[in-house]
Protein chains: 2
Amino acid sequence: MNTPAPIRMAIVGYGNLGRGVEAAIAQNPDMQLQGIYSRRDPASVQTQFAASPVFHMDALDGNHSQIDVLILCGGSKDDLPQQSPALAARFNLVDSFDTHARIPEHFAAVDAQAQAGKTTALISAGWDPGMFSINRIMGEALLPDGDTYTFWGKGLSQGHSDAVRRVPGVAGGVQYTIPSPSAIEAVRSGSRPTLSTRQKHERHCYVVLAEGAEADAVRQAIVTMPHYFDEYDTTVNFISAEELAREHSAMPHGGFVIRSGNTGTPDKQHKQVVEYRIELGSNPEFTASVLVAYARAVHRMAGMGLHGAKTVFDVAPGWISPKAPEQLRKEAL
Amino acid sequence: MNTPAPIRMAIVGYGNLGRGVEAAIAQNPDMQLQGIYSRRDPASVQTQFAASPVFHMDALDGNHSQIDVLILCGGSKDDLPQQSPALAARFNLVDSFDTHARIPEHFAAVDAQAQAGKTTALISAGWDPGMFSINRIMGEALLPDGDTYTFWGKGLSQGHSDAVRRVPGVAGGVQYTIPSPSAIEAVRSGSRPTLSTRQKHERHCYVVLAEGAEADAVRQAIVTMPHYFDEYDTTVNFISAEELAREHSAMPHGGFVIRSGNTGTPDKQHKQVVEYRIELGSNPEFTASVLVAYARAVHRMAGMGLHGAKTVFDVAPGWISPKAPEQLRKEAL
């Protein structure tokens, strides 16, 4: 029996997520890293593995024939809204676009290019959006009379940390999201509580002030920031740059999706609780692992002629696995 | 906008699972119960809802044009190996075949008939096999350097209770599967322990002796039963028929699938833990809810021309949801 050729993956953007993807590809024997593409001078990019090839972004188009799937590792604010549609015109790709409110327009923009180019482009992979989204819709489908609860943390939130760092007077900082233990307990009991945003999570910020900045003004700017902090109990702790580097450089995260519902007839009900939980030593490495598994599915779907923009909702579980369907049925069903 | 016609479901077999399906269909406004088909005299069948139509099994074939999907609620030992292939020749269907070791041959038998009849027949839906299987293969795909652990319980196991009741000298009985708390804790820590079958679960039986039966002989027959009990620490408690009825008629169950793995480079690793957990007030009603959601997917897949035998591994999450893809992307991604 012939071993199929490895899937040739290319990484676009080489920050924490790109480094996670480089490491994840090395864990999957059916894949091969074709290259890392960066806007920086390739000679200046330090990769984790000596053998990882680095190219300038300008070389991407010319290497088209050597690449099966692009894994986009840029940011959702500035990079992906441009890159994903533009690259979907010629490449199969996966991205981790995570601005929930703008997903429909991002999907439409990517879909137009992918349909025209007959490529397969899966957006918003990762854990939320991503694995958590899957568990939200499956929980709802399995238990239609129910409530869905998503908790994040304890963990460092990259989006909220970025928001803190954009506040004038902030020289550096991180934000941790902390789920409320009493809220989790109430939800797990199957009692289906109604919980306000404020009751579910707290937000803890550790901030280094810029020279001359006023602590009270910075604190006020953070805790009143719309969407990010104004609906939460937010605490702001001011620390030194040394403490920030020493105590807050790891990137743990985690969270839960819980569906709590009732089955049975109106006069004889039973409580049913389904919980999906992750506890991550490294948030970017886990997100990267999800992107890489869904890049495998993208390669398969492109081969099946399933073109256009896709999300994790469109991907059968078997398609992300390296194993053949008959092996999965025999070993894992 | 026209509301699509409801999906017309038929239940084949009316025990605990069939009753659960009857209740679950009533919770889904996009479905309609066409009928309950039983080998018993229809006049003798007491349904949970007065409006549920009951037919003799012999009427099934004649009602073909009124049915979109059959939900088979018979047993895996005697009913489904015959029924699923035979009915897949003409009907779209879903079953809960759960004899893990015989799934490949069941799949092959159903596939032959479904391919020939151009029907869609999804086998082995439920929670294990089913939701747990999905979480096993997804965990493995996301964290290739990892270990998968499945725990069952605390709960009443229908298969093991049936096995107990088949022992000569047993007038009635139930079996509870109990996961070991220390084993669960070790797995959740991310330490990836090696656990024997005996270390993971205990089995507790509550048995009513038949008149004249010898307790020691019955106990010995149970604890040495191959596959079911011989590899476990099994305790057998003898109780009265009254106590069995009073204390052991509920059907709770539950369990966990945990994938514990490592990401990163060989010299810098991070622990990652993914856990899927269910806690069921009623095992048959939850299994029924899964069957009903996958019956919706079967209806959709039949419409897409995806014929043949299928499993949960072949079903994209969006297909089990009553909502349209654009609504799911907007609300749940």
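As the structure is a computational prediction, the values presented were derived from the model and not from experiment. The numbers attached to residues start from 1 for each chain and follow its sequence in the written order. As they are written, the chains are lettered A onward and the ligands numbered 1 onward, keeping that order. Only residues with pLDDT of at least 70 get local features here, since the model is predicted, and only at 80 or more are side-chain atom pairs given and counted; chain-wide, interface and lining totals rely on the full set of residues. With hydrogens and water excluded, all non-hydrogen atoms of the structure serve as input to the side-chain values.

## A closer look at the relation of the copies chain A and chain B
Point 1. With an axial shift of 0.0 Å and an RMSD of 0.1 Å, the rotation relating chain A to chain B amounts to 180 degrees. Those values place the two copies in the arrangement expected of a two-fold rotation axis. For chain A, the residue whose C-alpha comes nearest the rotation axis is Ala-316 of chain A, separated from it by 1.9 Å.
Point 2. Contacts are assigned to residue pairs that have any heavy atoms within 4.5 Å of one another. Taken as a fraction of all interface residues of chain A, those also at the interface in chain B reach 100%, which identifies the copy contact as same-surface. Here the copies were fitted onto each other by least squares, based on C-alpha atoms from residues at pLDDT of at least 70 in both.

## Examining the packing of helix 4 (residues 131-142) of chain A against helix 4 (residues 131-142) of chain B
Point 1. Axis definition: a line fitted to C-alpha atoms, limited for helices to the stretch in contact. Angles are taken between N-to-C directions and run from 0 to 180 degrees. Here a strand is any run of E in DSSP of at least two residues, a helix any run of H or I of at least four, and the numbering for each starts at the N terminus. As a packed pair, helix 4 of chain A and helix 4 of chain B sit with axes 14 Å apart at the nearest point and diverge in direction by 175 degrees. Between helix 4 of chain A and helix 4 of chain B, the angle is such that the two are roughly antiparallel. Contacts between helix 4 of chain A and helix 4 of chain B involve Met-131, Ile-134, Met-138 and Leu-142 of chain A on the former and, on the latter, Met-131, Ile-134, Met-138 and Leu-142 of chain B.
Point 2. When residues are sorted by character, Ala, Val, Leu, Ile, Met, Phe, Trp, Tyr, Cys and Pro go into the nonpolar class, Asp, Glu, Lys and Arg into the charged class, and all the rest, Gly among them, into the polar class. A per-class count over the contact of helix 4 of chain A with helix 4 of chain B returns 8 nonpolar, no polar and no charged. Oblique is the label for any angle not covered by the other classes, which are roughly parallel (under 35 degrees), roughly antiparallel (over 145) and roughly perpendicular (65 to 115).

## Here we look at the sheet that holds strand 13 (residues 268-280) of chain A
Point 1. Strand pairing is assigned whenever DSSP identifies at least 2 bridges connecting the two strands. Here we have 6 strands laid out as an open sheet, ordered 7(A)-12(A)-13(A)-13(B)-12(B)-7(B), and antiparallel in their pairing. Whereas interior strands pair on both sides, the edge strands pair on one side only; in this sheet they are strand 7 (146-152) of chain A together with strand 7 (146-152) of chain B. Within this sheet the neighbouring strands show an average axis-to-axis angle of 10 degrees, counted without direction.
Point 2. Sheet topology places strand 7 of chain B next to strand 12 (residues 253-265) of chain B; 7 bridges connect them, and they run antiparallel. From the neighbouring strand, Tyr-149 of chain B faces strand 12 of chain B, where its bridge partner is Ile-258 of chain B.
Point 3. Relative to the sheet, helix 6 (residues 181-188) of chain A contacts strand 7, strand 12 (253-265) and strand 13 of chain A together with strand 13 (268-280) of chain B, its axis offset from that of strand 12 of chain A by approximately 30 degrees.
Point 4. Along the sheet face, helix 10 (residues 283-303) of chain B touches strand 12 and strand 13 of chain A together with strand 12 and strand 13 of chain B and points at about 70 degrees away from the line of strand 13 of chain A.

## A word on the interface of chain A and chain B
How big an interface is tends to be reported as the loss of accessible area on association of its parts.
Point 1. Tallying the contact residues gives 66 residues for chain A and 66 residues for chain B.
Point 2. Both faces combined, the contact of chain A with chain B buries some 5,800 Å², and carbon together with sulfur accounts for 63% of it.
Point 3. Among the residues of chain A in contact with chain B, Leu-142, Arg-329 and Leu-333 of chain A are the three that bury the most area, contributing 14% of the side total.
Point 4. One side-chain nitrogen of Lys or Arg within 4 Å of one carboxyl oxygen of Asp or Glu is enough to make a salt bridge. Linking chain A to chain B there are 4 salt bridges.
Point 5. Two N or O atoms form a polar contact when they lie within 3.5 Å of each other; inside protein one atom must be a possible hydrogen donor and the other a possible acceptor, and for residues adjacent in sequence the pair counts only when both atoms belong to side chains. Viewed at the interface, chain B and chain A are joined by 30 residue pairs in polar contact (both at pLDDT 80 or more). Here the buried area means the combined drop in accessible surface, using a 1.4 Å probe, for two parts upon being joined, counting both sides.

## Brief notes about the pairing of strand 2 (residues 31-38) of chain A
All names here are of chain A.
Point 1. Among the 8 residues that make up strand 2, 7 are buried, leaving the element largely enclosed by the rest of the structure.
Point 2. Here 6 bridges tie strand 1 (residues 7-12) to strand 2, and the two strands are oriented parallel to one another. Across the sheet, the residue bridging to Ile-11 is Ile-36, located in strand 2.
Point 3. When the strands point away from the viewer, a crossover counts as right-handed if the path from the first strand over the helix to the second runs clockwise. After leaving strand 1, the chain enters helix 1 (residues 16-26) and then returns to the sheet as strand 2, a path that is right-handed.
Point 4. In this structure, strand 2 lies alongside strand 3 (residues 54-56), joined through 3 bridges in parallel fashion. Across the sheet, Ser-38 pairs through a bridge with His-56, a residue of strand 3. Think of it in three bands: residues with accessible area under 20% of the maximum for their type are buried, residues over 50% are exposed, and the middle band is partly exposed, with areas taken using a 1.4 Å probe on protein chains only.

## Considering the side chain of Glu-275 of chain A
Point 1. Mapped onto the secondary structure, Glu-275 of chain A falls in strand 13.
Point 2. In this structure Glu-275 of chain A touches Arg-188, Phe-256, Val-257 and Ile-258 of chain A together with Glu-275, Tyr-276 and Arg-277 of chain B, once residues within four positions along its chain are discounted.

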